[in-house]
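Here is what each chain is made of, one letter per residue.
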Protein chains: 2
Amino acid sequence: MSKNKKPLILVVNDDGITAPGIKALIEVAEKIGEVVVVAPDSPQSGMGHAITLGKPLRLKENKLFEPIKAYECSGTPVDCVKIAVDKVLKRKPDLCISGVNHGSNSSINVIYSGTMSAAVEAALEGIPSIGFSLLDFSWEADFSHAKEYIEKIITQVLINGLAEDTLLNVNIPAKTEESLKGMKICRQAYAKWQEEFDERKDPHGRPYYWLTGKFVNKDKGEDTDEYALANNFVSVVPVKFDLTAHQGINHINQHWDFD
Amino acid sequence: MSKNKKPLILVVNDDGITAPGIKALIEVAEKIGEVVVVAPDSPQSGMGHAITLGKPLRLKENKLFEPIKAYECSGTPVDCVKIAVDKVLKRKPDLCISGVNHGSNSSINVIYSGTMSAAVEAALEGIPSIGFSLLDFSWEADFSHAKEYIEKIITQVLINGLAEDTLLNVNIPAKTEESLKGMKICRQAYAKWQEEFDERKDPHGRPYYWLTGKFVNKDKGEDTDEYALANNFVSVVPVKFDLTAHQGINHINQHWDFD
């Protein structure tokens, strides 16, 4: 990042360009740098790392945050990052921030989350990148207590950079009467969703199924994001996109009979 | 797995239930175990770990592979695994196999791939799980040379199990006149897609964009999946779903100013 110029910050999300969460993130980012927004034109929660292959994308300027340049895209959160880099931005941004998501992306949610997948895609492009999420699903969620932490974390990343091929997954407890206690750098808790499909019949008597589930966390570690959040800390998990289970390589070479 | 019973094998994919690749996988699996198929009713390539949140799913029996029980689902590959576990299967399967994908899922493709995300979802459920892909995109791809390796790998996994929270990403070179040279246990090559959107105008003069790209591999390691495949080996990468960059935790604790 040049010392004389404001940092260029790409803002994306998965709840769509009209979500209050992205507005909160832009309000913090515009104090720090030059902001460009490229966000989905409709909600894209749970889209994971999906990309659009079978149909073309639309990209349209949106005046919502003027004088900040903003574009809405018909694709997924990952598509938004790709088209921002290739078609919208004149140079590689100094930072990509994604969110603020309405709802938690802690633990295994990182893998289903469009917010986090957009941040992962930016990291793949070599852009320092952070996903932010608030533990409140509602459209009317209060982001006011989160802004101080978002600003601190962005500032630290711009000053110190991030370890190579690493991005951050930041989750922020919902606002309560108690103030946030600070930040904890954590690992992803080992937890999962146990699905419980809700089976119904349509007016023609044919079944259909709503995906619902229960979040099950058997990981009692005090170094996890779930533990930090339960204790009213902001959780910061460094995330990578090399999915290789490196120890697994030896395990297989030792145990398998190749012939 | 009970010693007296055939193993129960869940077969899924992302190219859809009518794809030749899933037929090839079923033909191998039915020699080894009791097979149940739950696959998307339409192509779902590039869907990553997307799940369906905003609308319900349909699930319908399909007679395509009789007497093997098969179901088509209106959701994503990950939805297929979830609904199979919750609504279709009477017990937890001994193995989930996904594919055979028409096209490579080596290197960073693991993150965009519906085939691999379905396998990851099964692993999350505690089911030993393997994704298979052939380096040939065409619908008429020849899977005949792949079957011997698919059978070997399934057999090794059923005998030896897999390291905890680990699944396999198996890629198989396209058929050529040269025979495959064997299998290599590898790490994910550090490579990425460099996007090049193809901008066009619709009949009303408005722009639209097709996502295209160039696969860029600067990783010259001889222990990677790309290296194995380029040398006509089947690549086997152990994959995990803990995305924590564990070394990154220290990096941040050392460098950040929290106050």
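Nothing here was measured: the structure is a model prediction, and the numbers come from that model.

A. How the structure looks around the overall build of chain A. Within chain A, the regular secondary structure consists of seven helices and 13 strands. Each of the three principal axes of chain A carries a C-alpha extent, and together these read 60 × 55 × 55 Å. Out of the 259 residues belonging to chain A, those deemed buried represent 54%. Long-range contacts, defined as pairs at least 24 residues apart, comprise 77% of the intrachain contacts of chain A with a sequence gap of at least 6.

B. Region of the structure containing unusual backbone geometry. Note the cis peptide between A:E66 and A:P67, where omega equals 10 degrees. Tracing the backbone through its elements, the reader meets A:P67 in the loop between β3 (59–61) and β4 (69–73). Note that the residue after B:G99, namely B:V100, is joined by a cis bond; omega there is -10 degrees. Within the secondary structure layout, B:V100 lies in strand β5 (residues 95–102). The phi dihedral of B:D165 is positive, around 55 degrees, even though this residue is not glycine. Structurally, B:D165 is set in the loop between α5 (147–160) and β7 (166–172). By C-beta crowding, B:D165 is classed as partly exposed, having 15 other C-beta atoms within 10 Å.

C. Region of interest: helix α5 (residues 147–160) of chain A. Residue and element names in this part refer to chain A. For α5, built from 14 residues, the straight-helix expectation of 20 Å at 1.5 Å per residue is met to within 8% by its first-to-last C-alpha distance of 20 Å. Every buried residue of α5 is accounted for by I150, I153, I154, Q156 and V157. Mapping the buried residues of α5 onto a view down its axis gives an arc of 160 degrees, with all of them on the same face. Among the exposed residues of α5, those pointing more than 90 degrees away from its buried face are E148 and I159. For α5, the elements touching its buried residues are α1 (20–32), β5 (95–102), β6 (129–134), β7 (166–172) and β13 (234–240). At the C-terminal side of α5, G161 shows a positive phi close to 70 degrees.

D. Fine view of the interface of chain A and chain B. The interface is formed by 62 residues belonging to chain A together with 62 residues belonging to chain B. For the side of chain A that touches chain B, the element with the highest residue contribution is helix α7 (residues 246–255) of chain A, accounting for eight residues. Among the residues forming the side of chain A that touches chain B, the class breakdown is 33 nonpolar, 17 polar and 12 charged.

E. Geometry of the relation of the copies chain A and chain B. Mapping chain A onto chain B calls for a screw motion: a turn of 180 degrees about the axis and a shift of 0.0 Å along it, with 0.0 Å RMSD after fitting. Considering both components of the superposition, the chain copies are consistent with a two-fold axis.

F. Spotlight on the sheet that holds strand β6 (residues 129–134) of chain B. Residues and elements named next belong to chain B. Pairing within the open sheet is mixed, and its nine strands lie in the order β3-β4-β2-β1-β5-β6-β7-β13-β8. Since the sheet does not close on itself, it has two edges, and those belong to β3 (59–61) and β8 (183–185), each with one partner. With strand direction ignored, the average angle separating the axes of adjacent strands in the sheet is 20 degrees. Bridge analysis of β3 against strand β4 (residues 69–73) gives three bridges, and the strand direction is antiparallel. Residue pairing for β4: E61 is matched across the bridge by Y71.

G. Main features of the environment of B:K87. Along the chain, the position of B:K87 falls in helix α2 (residues 77–88). Its 18 C-beta neighbours within 10 Å are what place B:K87 among the partly exposed residues. With sequence-adjacent residues up to four places away left out, B:K87 is seen in contact with A:F197, A:Y209 and B:L59.

H. Fine view of the pairing of β6(A). Residues and elements named next belong to chain A. Counting buried positions along β6 gives six out of six residues, so the element sits mostly inside the fold. Residues S129, G131 and S133 line one face of β6 and the alternating positions I130, F132 and L134 line the opposite face, and both faces are buried. The pairing of β5 with β6 spans five bridges and is classified as parallel. Residue pairing for β6: I97 is matched across the bridge by I130. Pairing of β6 with β7 involves five bridges; the strand directions are parallel. From the neighbouring strand, F132 faces β7, where its bridge partner is V170.

I. Focus on the nonpolar core. Counting 159 residues, the largest nonpolar core has A:V11, A:L25, B:V11 and B:L25 as its most contacted members. Those residues in contact with A:V11, other than ones at most four positions away along the chain, are A:I22, A:L25, A:I26, A:A29, A:V35, A:V37 and A:I97.

J. Molecular detail of the pairing of β4(B). Pairing geometry for strand β2 (residues 34–40) of chain B and β4(B), over five bridges, is parallel. When the bridges of β4(B) are listed, B:V37 appears paired with B:A70.

K. Molecular detail of the packing of α2(B) against helix α4 (residues 114–124) of chain B. All names here are of chain B. Interhelical geometry of α2 versus α4 gives an angle of 30 degrees and a closest axis separation of 7 Å. Between α2 and α4, the angle falls in the class roughly parallel. Note that α2 runs across α4; the crossing there is right-handed. Residues P77, V78, C80, V81 and K82 of α2 touch α4, and the partners they reach there are G114, T115, S117, A118, E121 and A122. Split by residue class, the contact of α2 with α4 holds six nonpolar, three polar and two charged.

Procedures and definitions
- Residues numbered from 1 in each chain as written.
- Chains lettered and ligands numbered in written order.
- Predicted model: local features only at pLDDT ≥ 70, side-chain atom pairs only at ≥ 80, totals over all residues.
- Helix = DSSP H or I, 4+ residues; strand = E, 2+ residues; numbered from the N terminus.
- Buried ≥ 20, exposed ≤ 12 C-beta atoms within 10 Å, placed from the backbone.
- Contact = placed C-beta atoms within 7 Å.
- Expected span 1.5 Å × (residues − 1).
- Arc of directions from axis to C-beta.
- Nonpolar A, V, L, I, M, F, W, Y, C, P; charged D, E, K, R; others polar.
- Least-squares fit on C-alpha atoms with pLDDT ≥ 70 in both.
- Pairing = 2+ DSSP bridges.
- Axes fitted to C-alpha atoms, helices over the stretch in contact; angles between N-to-C directions.
- Core = buried A, V, L, I, M, F, W, Y, C linked by C-beta atoms within 7 Å.
- Parallel < 35°, antiparallel > 145°, perpendicular 65-115°, else oblique.
- Left-handed = near helix turned anticlockwise from the far one by under 90°.

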